[in-house]
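Breakdown of the fold
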Amino acid sequence: MDIALLGVGHLGEAVLAGLIDSGLPPAQIWATALPAERAAELADTYGIEVGTDNPSAVAEADIVLVAVPPVAVGPLLSAIGPSLEPDAIVVSLAAGVPLAKLTDRLPKGITAVRAMTNIAARARQAATALAAPEGTDLTEVEDLFDRIGVTVIAEESMMDLITAVGGSGPAFLYYLADAMTNAAVDGGMEPVAARVLVDQMLVGACLHLQDSDAGPSALLEQIATPGGTTEAALASLDASNVDDAIRAAVAAATGRGGELHES
């Protein structure tokens, strides 16, 4: 299975690094990036073919991953259309670009798929959702994304919400990590020690959540001893309406995804 990865920015590079780390042979991956200096740097780092010409990159690809910004998806698809293999699968990683817009720009018979993944692909811990027209065989695409994390199949109507929760979700944790690290430093901890402590706390807590049969609310109850420090912290979060703020943030990201449909 030959893969073309077009537009290797932050997310594209995370996917690329995860795929190579998973054991996918570098000889099976072609990529593009701009400018030429960036392409050369990626080629040197990952040992793959990286150029600046998208039509050339897709000429023999079975699966084409499109990792450019939403506004660039349409023009790119029009440019690569004549070079695609007749049975190629084109997977857009761009937020807010509906399947209808993808198929409109692709030659008839080419399979279009939407994928929402996240930056954790680099560590092969991504959460990816796939959406495609009814009846599409997603086996090969699902197998590919399973290499970099966990993959689910979703209705396209859910993709803006999934983008907010799964795609933007890591930023929520990074925001929390930054705030907690700053609080520790403000309290007198050395910055390096604070970073190590907070990072490991988040990793450990997430692994425990994933491995536990209990949900987040049950785990909160387990560690919030009455009259203890955790209960005091949670009371402060509740007083600041943090739950409402997170719901509003998810709604804002979801709404922005919907606005991108019209771009």
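Keep in mind it's a predicted model, so treat the numbers as computed, not measured.

**Here's the deal with the overall build of the chain**
- Secondary structure summary: the chain contains 12 helices and eight strands in total.
- Seen through its principal axes, the chain has C-alpha atoms that stretch 65 × 40 × 35 Å.
- Put simply, the chain has 263 residues, and 37% of those count as buried.
- In the chain, which carries 11 positive and 35 negative side-chain charges, the distance between the mean positions of the two groups comes to 6 Å.

**Side note on the nonpolar core**
- Within the largest apolar cluster, 33 residues are counted, with the highest numbers of intra-cluster contacts made by I63, L65, V91 and F145.
- Here this core gets five residues from one element, more than from any other, and that element is helix α1 (residues 10-21).
- Excluding anything up to four places from it in sequence, L65 contacts I3, A4, L5, L6, V15, L19, V91, L144 and F145.
- Counting 22 residues, the second-largest nonpolar core is a separate cluster that includes A4, L6, V58 and A88.

**Re a negative patch on the surface**
- On the surface, D87, D137, E140, D143 and D146 cluster together to form a negatively charged patch.
- Relative to the assigned elements, D87 resides in the loop between α4 (70-80) and β5 (89-92).

**Some points on the UniProt feature "domain: Pyrroline-5-carboxylate reductase dimerisation" (unreviewed entry) in the chain**
- Under the local residue numbering, the UniProt record ascribes the feature "domain: Pyrroline-5-carboxylate reductase dimerisation" (unreviewed entry) to residues 156-260.
- With 82% helix and 0% strand, residues 156-260 has end C-alpha atoms that lie 14 Å from one another.

**Some remarks on a nonpolar patch on the surface**
- A grouping of I119, L173, Y174, L176, M180 and M201 is seen on the molecular surface, where their side chains present a nonpolar patch of about 500 Å² in accessible area.
- Among the elements that make up the nonpolar patch, the one with the highest residue count is helix α8 (residues 169-186) (four residues).
- Counting through the fold element by element, I119 comes out in the loop between β6 (111-116) and β7 (126-131).
- Taking relative accessible area as the criterion, I119 reaches 33% and is therefore assigned partly exposed.

**Here's the deal with the UniProt feature "domain: Pyrroline-5-carboxylate reductase catalytic N-terminal" (unreviewed entry) in the chain**
- In the numbering adopted here, UniProt assigns the feature "domain: Pyrroline-5-carboxylate reductase catalytic N-terminal" (unreviewed entry) to residues 3-96.
- Helix makes up 41% of residues 3-96 and strand makes up 20%, while its end C-alpha atoms are separated by 23 Å.

Analysis parameters
- Residues numbered from 1 in each chain as written.
- Predicted model: local features only at pLDDT ≥ 70, side-chain atom pairs only at ≥ 80, totals over all residues.
- Heavy atoms only, no water.
- Helix = DSSP H or I, 4+ residues; strand = E, 2+ residues; numbered from the N terminus.
- Buried < 20%, exposed > 50% of the residue type's maximum accessible area, 1.4 Å probe, protein only.
- Lys, Arg positive; Asp, Glu negative; His and termini not counted.
- Charge placed at Lys NZ, Arg CZ, Asp CG, Glu CD.
- Core = buried A, V, L, I, M, F, W, Y, C linked by side-chain atoms within 4.5 Å.
- Contact = heavy atoms within 4.5 Å.
- Patch = residues over 30% accessible without salt bridge, like charges linked within 9 Å, V, L, I, M, F, W, Y side chains within 5 Å.
- Areas by Shrake-Rupley, 256 points an atom, 1.4 Å probe, with all protein chains shown as cover.
- Salt bridge = Lys/Arg side-chain N within 4 Å of Asp/Glu carboxyl O.
- UniProt positions renumbered as here; feature names shortened; annotations may be inferred.

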